[in-house]
Amino acid sequence: MRHLQQVIDRIGLLQIDSVNILARAHLMPLYSRLGPYDPALLDRASGSAPRRLVEYWGHMASYVPPSTYRLLEWRQRAYRTEAWGSISGVELAHSGVVDQIRDLIADRGPMTASQVHALFEADHPRTSTEWGWNWTVAKTALEFLFFTGEVTSARRNAAFERCYDLTERVLPPAVVAAAPIADDDAVRALVEISARAHGVGTLRCLADYFRLRPEPARRAVGELVDAGVLAPVTVTGWDRPAYLHTGARRPRRSAARTLLSPFDPLVFERRRLEELFGMRYRIEIYVPAAQRVHGYYVLPFLLGERPVARVDLKADRAAGRLLVLAAHAEPGAPPTTAAELAAELRELAGWLDLGDIEVVLPHRGDLAAALDAALRRAP
């Protein structure tokens with residue numbers, strides 16, 4: 001748990017996503033930095049008191065430390081402009097339902113959206129005209145209460161559904177009792193967290209981490225420069241100002257060997273990834289299969305100081321196999337890439353409790369055949 005906490009302290013948040021073709025998005029950044037760890041630690045950190053992580057809209061849906069949750073309360077107060085249309089309008093469209101669901105959660109404790117919907121289905125049946133992902137009125141009301149900070153997730157159940165409870169019963173008591181944080185102070189603190197996670201970044205990098213609007217982020221960066229927390233720097237190849245967190249470590253070299261989730265903080269800001277490391281990366285989940293270049297769920301492979309390959313992976317849990325659907329080398333990848341990636345895939349498969357690794361035929365990608373051969377050799 002100490003190691004998990006060190007990662008959270010360093011990167012500040014874990015993005016949550018529903019795609020589970022390999023492993024849940026929030027699990028992978030910890031694997032990338034810790035190696036094979038027990039995911040039950042994360043369940044405990046986010047689902048048992050005193051919680052080290054709670055859910056809110058950080059970089060999209062995210063796990064954040066409870067102290068950071070308080071820094072995001074300005075977004076809750078500004079829900080009319082910060083939330084998307086169907087959420088910001090719930091209060092007017094379904095005020096009675098919102099009140100009833102608030103009282104229901106207060107009375108019964110943690111409940112999933114499906115459990116709440118079952119109680120409201122007679123008056124508000126599911127229809128094909130619901131907004132977005134065909135949300136029910138109950139789910140939409142819960143998401144409104146979630147956005148405004150009245151409820152949050154006490155835990156996730158086995159189906160990865162949120163179990164909603166009153167926020168005051170989820171946050172640690174000391175965090176609940178703390179005084180509200182002014183908007184400008186909160187944004188400045190969020191930018192500092194972002195800068196610490198990045199080491200070096202542009203205004204766009206620092207704002208995107210918590211999806212901050214450019215102007216408040218710009219003011220925060222200026223204040224942090226004046227305070228000596230950030231130092232303006234020049235980055236070769238960048239045509240815009242950059243900022244270095246003055247507490248950033250400068251190791252002589254990096255000896256990393258790991259796979260990065262499409263939702264890893266290192267991959268959040270695509271332009272930064274391309275300009276610093278030469279990898280042009282796009283998530284192709286929503287691209288029609290015939291038009292995908294690299295695959296559905298593609299993970300960059302970090303070796304040493306840069307990404308040297310990318311691999312499209314799928315966990316075939318029923319058969320106990322890790323499937324390699326495609327593997328591509330980056331320009332200038334070292335000759336050891338296939339062997340190193342094979343070793344990393346063996347470690348990943350072990351962490352996922354998958355016994356076999358199969359490079360699917362026909363081979364897709366210029367690295368696939370070499371990777372297949374490397375996997376066939378004894379480790």
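Heads up: the structure comes first, above all this text.
Scope of this entry: the structure provided in the associated data block. (Residues numbered from 1 in each chain as written. Predicted model: local features only at pLDDT ≥ 70, side-chain atom pairs only at ≥ 80, totals over all residues. Heavy atoms only, no water.)

**Quick word on the overall build of the protein chain**
A tally of regular secondary structure across the protein chain gives 20 helices and 13 strands. For 379 residues, the compact-globule formula gives about 21 Å, and the C-alpha radius of gyration of the protein chain, at 22 Å, lands near that figure. Viewed in the frame of its principal axes, the protein chain has a C-alpha envelope of about 65 × 55 × 40 Å. By residue count, 52% of the 379 residues in the protein chain fall in the buried class. The contacts in the protein chain between residues at least 6 apart in sequence include a share of 62% that link residues at least 24 apart. Positive and negative side-chain charges of the protein chain, numbering 47 and 45 respectively, have mean locations separated by a distance of 5 Å. (Helix = DSSP H or I, 4+ residues; strand = E, 2+ residues; numbered from the N terminus. Rg over C-alpha atoms; globule rule 2.2 N^0.38 Å. Buried < 20%, exposed > 50% of the residue type's maximum accessible area, 1.4 Å probe, protein only. Contact = heavy atoms within 4.5 Å. Lys, Arg positive; Asp, Glu negative; His and termini not counted. Charge placed at Lys NZ, Arg CZ, Asp CG, Glu CD.)

**Comments concerning the side chain of E330**
Among the secondary structure elements, E330 is positioned in the loop between β12 (321-329) and α19 (337-351). The class for E330 is buried, based on a relative accessible area of 10%. At 2.8 Å, the side chain of E330 and the side chain of R310 are in polar contact. Sequence-distant contacts of E330, that is, excluding residues within four places in its chain, are made with G278, M279, P307, V308, A309 and R310. (Polar contact = N/O pair within 3.5 Å; in protein donor to acceptor, adjacent residues only side chain to side chain.)

**Re the environment of F263**
Locating F263 in the fold gives a position in the loop between β9 (256-259) and α17 (265-268). When the C-alpha positions of F263 and L299 are compared, they lie 9.3 Å apart, and in sequence the two are 36 residues distant. Setting aside chain neighbours within four positions, we find F263 in contact with Q15, D17, A25, F268, I283, I285 and Y297.

**Some thoughts on the packing of aromatic side chains**
Counting across every chain of the model gives eight aromatic pairs. Between Y56 and F147 the ring centres are 6.0 Å apart and the planes differ by 55°, which places this aromatic pair in the tilted class. Of this pair, Y56 sits in strand β2 (residues 54-58) while F147 sits in helix α11 (residues 137-147), and the two are 91 residues apart along the sequence. Like F147, Y56 is buried. Feature note: the residues Y56, Y69, F146 and F147 constitute an aromatic cluster, connected by ring pairs. If you follow R240 out to its NZ or CZ, it ends over the ring of W238, 5.2 Å from the centre. (Phe/Tyr/Trp six-rings, centres within 6.5 Å; stacked < 30°, edge-to-face > 60°. Lys NZ or Arg CZ within 6 Å of the ring centre and 35° of its normal.)

**Quick word on the sheet that holds strand β11 (residues 306-316)**
One open sheet holds the five strands; their spatial order is β9-β10-β11-β12-β13, and the pairing between them is mixed. Whereas interior strands pair on both sides, the edge strands pair on one side only; in this sheet they are β9 and β13 (356-359). Between one strand axis and the next, the sheet turns by 30° as a mean value, whatever way the strands run. By the bridge criterion, eight bridges tie β11 to β12 in an arrangement that is antiparallel. Each residue of the ladder has a partner; that of A315, found in β12, is L322. In this fold α19 packs onto β9, β10 (298-304), β11, β12 and β13, with an angle of close to 60° to the strand it touches most, β9. Across the sheet, helix α20 (residues 368-376) is in contact with β12 and β13; its angle to β13 comes to roughly 150°. (Pairing = 2+ DSSP bridges. Axes fitted to C-alpha atoms, helices over the stretch in contact; angles between N-to-C directions.)

**Thoughts on the pairing of β10**
Along β10, seven of the seven residues are buried, which leaves the element largely enclosed by surrounding structure. Note that β9 and β10 share four bridges and pair antiparallel. Following the sheet pairing, T258 is matched in β10 by L302. Across six bridges, the pairing between β10 and β11 is antiparallel.

**Section: the packing of helix α10 (residues 113-120) against α11**
Two elements in contact, α10 and α11, have axes whose closest approach is 8 Å; the angle formed by their N-to-C orientations is 125°. Put simply, α10 runs oblique to α11. Viewed along their axes, α10 and α11 form a crossing whose handedness is right-handed. In this structure, α10 contributes A113, V116 and H117 to the contact, and α11 contributes A138, K139 and L142. Across the contact of α10 with α11, the residue classes tally to four nonpolar, one polar and one charged. (Parallel < 35°, antiparallel > 145°, perpendicular 65-115°, else oblique. Left-handed = near helix turned anticlockwise from the far one by under 90°. Nonpolar A, V, L, I, M, F, W, Y, C, P; charged D, E, K, R; others polar.)

**Brief notes about the pattern of salt bridges**
One pass over the structure, following the stated rule, counts 30 salt bridges. Note that R257 and E347 form a salt bridge whose closest N and O atoms lie 3.4 Å from each other. With a gap of 90 residues between them, R257 in strand β9 and E347 in helix α19 connect regions that are remote in the sequence. Among the ionic pairs, D316 bridges to R321, the shortest N-O distance being 2.6 Å. Judged by its relative accessible area of 17%, D316 is buried. R321 gets classed as partly exposed once you look at its relative accessible area, which sits at 25%. Here the residues in one salt-bridge network are E55, K139, E143, R156 and R162, joined through shared partners. (Salt bridge = Lys/Arg side-chain N within 4 Å of Asp/Glu carboxyl O.)

These results come straight from atomic positions and should not be treated as a statement about function.
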